[in-house]
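Structural description and commentary
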Amino acid sequence: MSTSKLKNAPLKEVIFELHWECTTDNVGNLYDAGFDLAQGKFADKLKSSFPVHRKLIPDSAPFKVFGAPIHQYWKAEFGWPVVQHGQGMIAINEIEEGYEWETSFKPLVLDTIHRLEESYEEVLSIVHVKLQYIDAWEINEDDPIDFIAQKLQTEIRNNYDLPGKLKGINIQQNFELSDGSIMSLNVSNGINNQNQLPSVIWTTTVEKQSKIGLTDVVQWLESAHSATSIMFKKMLNPEFYASLDR
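Report on the accompanying structure. (Residues numbered from 1 in each chain as written. Predicted model: local features only at pLDDT ≥ 70, side-chain atom pairs only at ≥ 80, totals over all residues. Heavy atoms only, no water.)

Digging into the overall build of the chain
Put simply, the rule is: The helix and strand labels rest on DSSP assignments: H or I over at least four residues marks a helix, E over at least two residues marks a strand, and numbering proceeds from the N terminus. Our radius of gyration is a C-alpha quantity, and the globule rule it is checked against amounts to 2.2 Å times the number of residues to the power 0.38. Residue burial is assigned from relative accessible area. The probe radius is 1.4 Å, only protein chains are included, and a residue is buried under 20% of its type maximum, exposed over 50%, and partly exposed in between. Only heavy atoms matter for contacts: two residues are in contact if any of them lie within 4.5 Å across the pair. Note on areas: these come from Shrake-Rupley sampling with a 1.4 Å probe, and a residue is covered only by the protein chains present in the view. A positive count includes Lys and Arg, and a negative count includes Asp and Glu. His and the chain ends are not counted in either. Charge coordinates come from a single atom per side chain, which is NZ of Lys, CZ of Arg, CG of Asp or CD of Glu.
Each helix and strand counted, the chain has 5 helices and 11 strands in total. For 246 residues, the compact-globule estimate of 2.2 N^0.38 gives 18 Å, and the C-alpha radius of gyration of the chain, at 20 Å, lies within 12% of that figure. For the chain, the residues scored as buried account for 46% of the 246 residues in total. The contacts of the chain with a sequence gap of at least 6 include a subset with a gap of at least 24, amounting to 65%. Accessible area for the chain stands at about 13400 Å²; split by element, carbon and sulfur atoms hold 49% of it. Between the centroid of the 22 positive side chains of the chain and the centroid of its 34 negative side chains there is a distance of 2 Å.

Observations concerning the layout of surface pockets
Selection criterion: The method works on a 1 Å grid over the protein atoms by themselves. A cavity is a set of points holding a 1.4 Å probe that cannot get out, a pocket is an open set with protein on both sides within 12 Å along at least five of seven lines, and residues with an atom within 4 Å of a point line them. Grid points are joined across faces, edges and corners, and a volume is the space filled by probe spheres set on the points. Three classes are used: nonpolar for Ala, Val, Leu, Ile, Met, Phe, Trp, Tyr, Cys and Pro, charged for Asp, Glu, Lys and Arg, and polar for all others, with Gly counted as polar.
By volume, the largest pocket amounts to about 470 Å³. Asp36, Lys64, Val65, Ile70 and Gln87 are the residues nearest the centre of the largest pocket, which is lined by 23 residues in total. Elements with a minimum of two residues in the lining of the largest pocket: β3 (30–31) and α1 (35–46). Ranked by the residues each element gives to the lining of the largest pocket, the list is headed by α1, at 4 residues. Grouping the amino acids of the lining of the largest pocket by side-chain chemistry returns 12 nonpolar, 5 polar and 6 charged. Looking at the second largest pocket, its volume works out to about 300 Å³. Lining the second largest pocket are 15 residues, with Pro144, Lys165, Leu166, Lys167 and Asn189 positioned closest to its centre.

A few points about the nonpolar core
Generally speaking, soluble globular proteins have nonpolar side chains that are buried together. What counts, and what does not: Each nonpolar core is a collection of buried residues, namely Ala, Val, Leu, Ile, Met, Phe, Trp, Tyr and Cys, held together in the definition by side-chain atoms within 4.5 Å.
Counting 60 residues, the largest nonpolar core has Phe16 and Leu18 as the members making the most contacts within it. A per-element tally of this core places helix α4 (residues 214–235) first, with 9 residues. When neighbours within four sequence positions are excluded, Leu18 is seen to be in contact with Gly88, Met89, Ile90, Ile113, Leu116, Ile126, His128, Val129, Leu214 and Val217.

Describing the pattern of salt bridges
Defined as follows: Here a salt bridge means any side-chain nitrogen of Lys or Arg lying within 4 Å of a carboxyl oxygen belonging to Asp or Glu.
Within the structure shown, the criterion is met by 9 salt bridges. A salt bridge links Lys211 to Glu21, with the shortest nitrogen-to-oxygen separation between them at 3.3 Å. In this pair, Lys211 is assigned in the loop between β11 (198–208) and α4 and Glu21 in the loop between β1 (11–20) and β2 (23–24), connecting sequence segments 190 residues apart. For Lys211, a relative accessible area of 58% corresponds to the exposed category. For Glu21, a relative accessible area of 42% puts it in the partly exposed group.

See below:
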């Protein structure tokens, strides 16, 4: 999460989400009134860049899905990035190999929002935006508490006798930023899904839940990215951070 990409970045995935105001039916369920028409238009606009389409929910499903992906558009067969579209939402996911903020991910987000805006007949009223980075580092047999203290400069201390060997760590901190966005920082130990090795995982999320115009999303996106970058650099031990760019 630096301005220029680190050579050995711990980044595993970056996710952008956008949710907009929708309609409530006569029993109180939310639905996206323009979704069916917009989905076809949106798919056509993405087809040249994202030719692989997958539908996550079959047409025969006996339920309606709101606020979660229904359609996925992949750059290639099992090739990232992926754009996801559901009732009231879109998400854009990228992994470390293809991630570059200024030249790839930010332009992709802005272009996708533009195509989304063109696909809906009504003006979308944004109610929730989110930018999330998932980082992980393999620790093998090392003590996760030592790694978190030494490399992530975060100490965990219990001032009492513990009942047994510590098996899991999960630290959650939330911070209110100057623009009203909330930054969430979660640090835990677990298994890296890509190689099944013990790792420490830290997730940095900035999100804002309030009405915001599409044009304001551009400014928010820059602000959110700046906040995550600053947190990443402050959090990591300077020697550890420097080692990621060697």
